[in-house]
Amino acid sequence: MTDTANLDPRRLRDIFGSFATGLTVITANTPSGPAGFTCQSFAALSLAPALVTFSPARTSSTWPVLRKAGSFTINVLPAEHQHLAGQFARSGADKFAGVDHTPSPLGHPVLADALAWIDCEIQAEHDGGDHTIVVAAVRHLALESEGDPLLFFRGRYGELSQVERLLQVAG
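Figured I'd write up the structure that's included with this text. (Residues numbered from 1 in each chain as written. Predicted model: local features only at pLDDT ≥ 70, side-chain atom pairs only at ≥ 80, totals over all residues. Heavy atoms only, no water.)

### A look at the packing of aromatic side chains
Point 1. On inspection of all chains with the given rule, the structure shows six aromatic pairs.
Point 2. For the ring pair Phe 37 and Phe 54, a centre distance of 6.2 Å and an interplane angle of 50° mean the geometry is tilted. Taken together, the positions of Phe 37 in strand β3 (residues 33-39) and Phe 54 in strand β5 (residues 51-54) put the pair 17 residues apart, joining distant regions of the chain.
Point 3. Note on Phe 54: relative accessible area 1%, which makes it buried.
Point 4. When the centroid spacing of 6.1 Å and the interplanar angle of 75° are considered together, the rings of Trp 63 and Phe 72 count as edge-to-face.
Point 5. By relative accessible area, which is 2% here, Trp 63 ends up buried.
Point 6. Members of the aromatic cluster, joined through ring pairs, are Phe 37, Phe 54, Trp 63 and Phe 72. (Phe/Tyr/Trp six-rings, centres within 6.5 Å; stacked < 30°, edge-to-face > 60°. Helix = DSSP H or I, 4+ residues; strand = E, 2+ residues; numbered from the N terminus. Buried < 20%, exposed > 50% of the residue type's maximum accessible area, 1.4 Å probe, protein only.)

Dropping the structure here:
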């Protein structure tokens with residue numbers, strides 16, 4: 001039998017937050033212009049075939065807009081771009097204000113200074129509780145820089161060196 005007493009949302013967030021994740025911005029060119037959102041649930045799923053996955057919240061107002069495009073670009077953020085993670089996490093704002101970008105081969109925004117980008121086409125969506133699990137096929141990709149990625153760890157943005165220090169203090 002499972003003990004559900006420790007499964008309150010705050011405790012789950014605290015414990016799940018002990019796993020450092022990278023931050024991406026998922027973008028698409030839509031009939032009403034470029035759209036995008038910050039996503040920390042991105043992961044490689046398969047090498048053959050090349051598949052990735054991520055899980056937007058069911059409450060996301062941006063994911064339905066990107067879904068209609070049928071394809072999108074995943075931009076891997078560098079450590080020094082915390083401001084972009086914050087900008088693309090906001091609802092109701094012009095997320096692309098002041099953000100330089102160029103089109104990917106599929107025509108979606110590749111953010112200037114992204115460490116890497118991955119053009120994808122949606123393959124499937126699955127129920128994931130309060131999130132949707134998206135599986136996408138990789139169509140194009142490029143490594144743009146060898147810099148460090150922007151991380152999210154224990155509710156804060158960080159860099160690899162910061163996470164290493166936090167682990168040493170906690171350890």
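### Considerations on the layout of surface pockets
Point 1. Its boundaries defined by the atoms lining it, the largest pocket holds a volume of some 1,400 Å³.
Point 2. Listing elements by their share of the lining of the largest pocket, those giving two or more residues are α1 (9-16), β3, α3 (82-89) and β11 (151-153).
Point 3. Across the lining of the largest pocket, the residue classes tally to 19 nonpolar, 15 polar and eight charged. (1 Å grid on protein atoms, 1.4 Å probe; cavity = no way out; pocket = protein on both sides within 12 Å on 5 of 7 lines; lining within 4 Å. Points joined across faces, edges and corners; volume = space filled by probe spheres on them. Nonpolar A, V, L, I, M, F, W, Y, C, P; charged D, E, K, R; others polar.)

### Looking at the environment of Ala 114
Point 1. On the secondary structure map, Ala 114 appears in the loop between β8 (109-111) and β9 (116-128).
Point 2. Here the alpha-carbon distance between Ala 114 and Ala 79, two residues 35 residues apart in the chain, equals 9.9 Å.
Point 3. Non-local contacts of Ala 114, meaning those with residues more than four positions away in its chain, are made with Asn 75, Val 76, Pro 78 and Glu 144. (Contact = heavy atoms within 4.5 Å.)

### Some details on the nonpolar core
Point 1. Within the largest apolar cluster, 16 residues are counted, with the highest numbers of intra-cluster contacts made by Ile 26, Phe 54, Phe 72 and Cys 120.
Point 2. At the level of secondary structure, the elements contributing two or more residues to this core comprise β2 (24-30), β3, β5, α2 (63-69), β6 (71-76), β9 and β10 (131-143).
Point 3. Apart from residues lying up to four places away in sequence, Phe 72 is in contact with Ile 26, Thr 27, Ala 28, Phe 54, Trp 63, His 108, Ile 118, Asp 119, Cys 120, Ile 122 and Ala 136.
Point 4. Counting residues in each nonpolar core, the second largest holds 10 residues, with Leu 23, Val 25, Ala 85 and Phe 96 among its members. (Core = buried A, V, L, I, M, F, W, Y, C linked by side-chain atoms within 4.5 Å.)

### Observations regarding the pattern of salt bridges
Point 1. Here the structure, examined in full by the defined rule, presents four salt bridges.
Point 2. For Arg 58, the salt bridge goes to Asp 127, with nearest N and O atoms at 2.5 Å. On the criterion of sequence distance, the pair formed by Arg 58 in the loop between β5 and α2 and Asp 127 in strand β9 is long-range, its members being 69 residues apart.
Point 3. Classification of Asp 127 as exposed rests on a relative accessible area of 60%.
Point 4. A salt bridge links Glu 125 to Arg 67, with the shortest nitrogen-to-oxygen separation between them at 2.8 Å. Linking Glu 125 in strand β9 with Arg 67 in helix α2, this pair joins segments that are 58 residues apart in sequence.
Point 5. When its relative accessible area of 33% is taken as the criterion, Arg 67 is described as partly exposed. (Salt bridge = Lys/Arg side-chain N within 4 Å of Asp/Glu carboxyl O.)

### A look at the sheet that holds strand β4 (residues 43-46)
Consider a sheet: its strands pair through backbone hydrogen bonds, and that pairing is either parallel or antiparallel.
Point 1. Overall, antiparallel pairing links the seven strands, which are arranged β3-β2-β6-β9-β10-β5-β4 in an open sheet. The open sheet has two edge strands with one neighbour each: β3 and β4. The mean inter-strand angle of the sheet, taken between neighbouring strand axes irrespective of direction, is 35°.
Point 2. Looking at chain direction, β2 and β6 are connected through four bridges and run antiparallel. Bridge pairing in β6 places Val 25 opposite Asn 75.
Point 3. In the packing of α3 onto the sheet, contacts are made with β2 and β3, and the angle to β3 comes to roughly 110°. (Pairing = 2+ DSSP bridges. Axes fitted to C-alpha atoms, helices over the stretch in contact; angles between N-to-C directions.)

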